[in-house]
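Structural overview for review
Chain by chain, the residues run as shown.
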Amino acid sequence: MNPAWPDTISPQAQQAVAAMNASPAPDMSSIQLEQMRAMIEAMQHHMAQPQLERYRVTVENAEMGGVPVRIFTPPGGPSLAAGSKVLLNLHGGGFKLDSGSMTENIAMAALAKLPVVAALYRLAPEHPFPAAVDDALAVYRELLATRDAGQIGLYGTSAGAGLSAQLIARLLAESLPTPRAMGFFSGAADVARDGHSESYLPPLPTGSVVESLSTYCGDTPRRDPLLSPIFGDLGAFPPTLVLTSTRDQMMSQSALFHRALLRAGVEAELIVFEALPHAFWAYIELPETDEAFAHMAAFFTRHMK
């Protein structure tokens, strides 16, 4: 029996998973990093067009705290004005690429009815840790200058999930107020150890967590709580939604972080989707994608009333 496309997922998802399983993994070895970044950026804009038409969200390129950002404004919703509620997104892409600053945020802005600011933080290997955290902090500080921390929600997918947790750890280390809530979607808060789900699923194009993040971690010890927040005190973390799926290489990492939050007394919720790949909501149009974004938006709506 082939478990790759169970009937517990939508027909569209069954077709998508079957097509992905049938396609050979792309050979990344001959593609330069700058070429890959340009390809992913073009793919993002292509995949974003149906989302923009569906949700009628407007996108503006700007700068905040000296960091380039993308601002997503929902139709008829509040703009990014002083004192308004806002969501801060830290995109995925293994800290080497921007693989989601468009596709992670259009549906979120529309469904949460809030503006979203996506920080285009500096990338590795040119800029190892803590450059990305520094950039995320700079954008957060600018948002914080005109609103209360309780009016800010924070979320990220994949590398952006880990970066979101790193930002919270940094805020606590500097005695700064934390956002009202955090979305930790298919990520790792531990860059010192691979999760078990990585051992029995096909590797991501970037490899395992430990392998792929060497240029991002640089000379920082892997168990430094500012780099791997799971090794620090999580007790002051904000309410957190953790979202993953059973064919997600980061499933173990997501589940481990969720349990660590619970042990620390943090309000944390875990949602696991059936049979779908890593961060599927950011690049596959499925009924489950709609459901995932609906869960994310409802979480922030509930916590940021």
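What counts, and where the lines are drawn
Residues numbered from 1 in each chain as written. Predicted model: local features only at pLDDT ≥ 70, side-chain atom pairs only at ≥ 80, totals over all residues. Heavy atoms only, no water. Phe/Tyr/Trp six-rings, centres within 6.5 Å; stacked < 30°, edge-to-face > 60°. Helix = DSSP H or I, 4+ residues; strand = E, 2+ residues; numbered from the N terminus. Buried < 20%, exposed > 50% of the residue type's maximum accessible area, 1.4 Å probe, protein only. Pairing = 2+ DSSP bridges. Axes fitted to C-alpha atoms, helices over the stretch in contact; angles between N-to-C directions. Contact = heavy atoms within 4.5 Å. Core = buried A, V, L, I, M, F, W, Y, C linked by side-chain atoms within 4.5 Å.

So, the packing of aromatic side chains
Tallying each qualifying case throughout the model produces 10 aromatic pairs. With a centroid separation of 5.8 Å and 50° between ring planes, the pair formed by Y155 and F300 is classed as tilted. Placement of the pair is Y155 in strand β5 (residues 152-157) and F300 in helix α10 (residues 287-303), with a sequence separation of 145 residues. You'll find Y155 and F300 in the same group, each marked buried. Look at F237 and F257: their rings are 6.3 Å apart centre to centre, the planes differ by 75°, and that puts the pair in the edge-to-face class. Linking F237 in the loop between α8 (214-217) and β7 (240-247) with F257 in helix α9 (residues 251-263), this pair joins segments that are 20 residues apart in sequence. Like F257, F237 is buried.

Some thoughts on the sheet that holds β7
To summarise the sheet geometry, strands pair through backbone hydrogen bonds and adopt either a parallel or an antiparallel arrangement. The strand order across the open sheet built from eight strands is β1-β2-β4-β3-β5-β6-β7-β8, with neighbouring strands paired in mixed fashion. Edge strands, defined here as strands with exactly one partner in the open sheet, are β1 (58-64) and β8 (268-277). Shown here is a sheet whose adjacent strand axes are inclined to one another by a mean of 20°, direction ignored. Sheet strands in contact with α9 are β6 (181-185), β7 and β8, and its direction is about 150° off that of β7.

Considerations on the environment of G156
Checked against the element boundaries, G156 lands in strand β5. Note: C-alpha distance between G156 and A18 (138 residues apart in sequence) is 27 Å. The contacts of G156, once residues within four sequence positions are left out, are N89, L90, A161, S164, G183, F184 and F185.

Quick notes on the pairing of strand β3 (residues 86-90)
Burial runs high along β3: five of the five residues are buried. By the alternation rule, side chains of β3 split into V86, L88 and L90 and L87 and N89, which are all buried. Across five bridges, the pairing between β3 and β5 is parallel. Within β5, the residue paired with N89 across the bridge is Y155.

Here we look at the nonpolar core
By size, the foremost hydrophobic cluster in this structure holds 53 residues, and its most contacted members are L88, V117, V139, Y216, F237 and F257. If we skip the residues at most four places from it in the chain, F257 touches A165, M182, F184, A189, I230, L234 and F237. Judged by nonpolar contacts, the second largest core, of 42 residues, contains A13, F72, M102 and I271.

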